[in-house]
Amino acid sequence: MNEHYAQIIEAIGEDPQRPGLRDTPKRAAKAMQYLTQGYQQSLDEIVNDAIFPSDCSEMVLVKDIELYSLCEHHLLPFIGKAHVAYIPNGKVLGLSKVARIVDMFARRLQIQEQLTVEIAETLQDVTGAAGVGVIIEAKHMCMMMRGVEKQNSVMKTSAMLGSFRSQQATRTEFLSLIR
Ligand SMILES: Nc1nc2c(ncn2[C@@H]2O[C@H](COP(=O)(O)OP(=O)(O)OP(=O)(O)O)[C@@H](O)[C@H]2O)c(=O)[nH]1
Ligand SMILES: [Zn+2]
C-alpha cells in the first residue's frame, strides 16, 4: 500500500521525496489500514461471549453511537451516528458490544444502506432478539467536499427486523426514544 500511495502522490503532481511527504505513504497506508480494520475482525472475537441470560423483554436502546465509515464509491468518509435497539428474547448482549458491532461494519468500504442492514442482521443473529431496529444518520464527505457540494443534507437509513417491522407500537417507541 505504501508504494501505491507514493504513486498517487506523484500522480497528483507532488514530489513524494520532499521532506514533508517522505513518510506520508507509510502514514497514509497505516491510516487506511486502521479505517478498514473491520475486515480483520471477527464477530466471535468482538462479542467475546458477552451474552447474558435475562428475563428482560423490554426494549434496549443504545443511542448516538458515533461512526466513521468510508463510502465505497469515492473512498471518502461518511460520519454520523447510529441508534441501535432490540427486544431481548432470553439473552442480552454486553452494552459495549453493540458499539463494537457498529464499528466492525463501519470500518469497511460501505454504503450507508448496507451498513445499516449488516448491523441489524448481526445483532439479530447474535442475540436471537424478538426484534431489532437500527437507524443511521450521516453526512457524506463525497457530497460535501466535492460533487454536488451540499453541506447540510443528512442521509437517514433504517433497518427494522422482527417486531420492529411487524408492530407499529414498537417502532413508535423506538423513534420516540431516539428523538
Ligand atoms: N445510496 C448511497 N449512495 C451513496 C452513498 N455514498 C455515496 N453515494 C452516492 O454514490 C453515487 C455515485 O454516483 P456516480 O455518478 O457513479 O459518481 P459521481 O460522478 O462521483 O457522482 P456525484 O457524487 O454525483 O458527483 C453518488 O450519487 C453518491 O452520492 C451511500 O452510502 N448510499
Ligand atoms: Zn461517496
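Since the model is a prediction, treat every value here as computed from it, not as a measurement.

Draft legend 1. The arrangement of the UniProt feature "binding site: Zn(2+)" (unreviewed entry) in the chain in detail. Following the UniProt record, one finds the feature "binding site: Zn(2+)" (unreviewed entry) at Cys71, His74 and Cys142. Look at the named residues: they lie 72 residues apart in sequence, but the longest C-alpha span between them is just 7.9 Å, so in the fold they bunch up. Here Cys71 lies in strand β2 (residues 60–71). The class of Cys71 is partly exposed, set by 18 C-beta atoms lying within 10 Å.

Draft legend 2. Focus on the site of ligand 1. Taken together, the neighbourhood of ligand 1 is formed by Cys71, His73, Ile111, Gln112, Glu113, His140, Cys142, Met143, Gly147 and Val148. Looking at the shell around ligand 1, the elements with two or more residues in it are α5 (112–127) and α6 (141–144). Looking at the shell around ligand 1 residue by residue, the class counts come to 5 nonpolar, 4 polar and 1 charged.

Draft legend 3. A look at the nonpolar core. Counting 30 residues, the largest nonpolar core has Ala82, Val84, Val102, Ile119, Leu123 and Val134 as its most contacted members. When residues of this core are traced back to their parent elements, those giving at least two are β2, β3 (77–87), α4 (95–106), α5 and β6 (131–140). What Ala82 contacts, discounting residues up to four positions off in sequence, is Ile65, Leu67, Val102, Ile119, Val134 and Ile136.

Draft legend 4. Structural detail: the environment of Thr122. By the secondary structure assignment, Thr122 is in helix α5. Taking the number of C-beta atoms within 10 Å as the measure of exposure, Thr122 has 19 and is therefore partly exposed. Each C-alpha atom of the pair Thr122 and Ser153 lies 28 Å from the other, and the pair is 31 residues apart in sequence.

About the criteria used
Residues numbered from 1 in each chain as written. Chains lettered and ligands numbered in written order. Predicted model: local features only at pLDDT ≥ 70, side-chain atom pairs only at ≥ 80, totals over all residues. UniProt positions renumbered as here; feature names shortened; annotations may be inferred. Helix = DSSP H or I, 4+ residues; strand = E, 2+ residues; numbered from the N terminus. Buried ≥ 20, exposed ≤ 12 C-beta atoms within 10 Å, placed from the backbone. Near = placed C-beta within 6 Å. Nonpolar A, V, L, I, M, F, W, Y, C, P; charged D, E, K, R; others polar. Core = buried A, V, L, I, M, F, W, Y, C linked by C-beta atoms within 7 Å. Contact = placed C-beta atoms within 7 Å.

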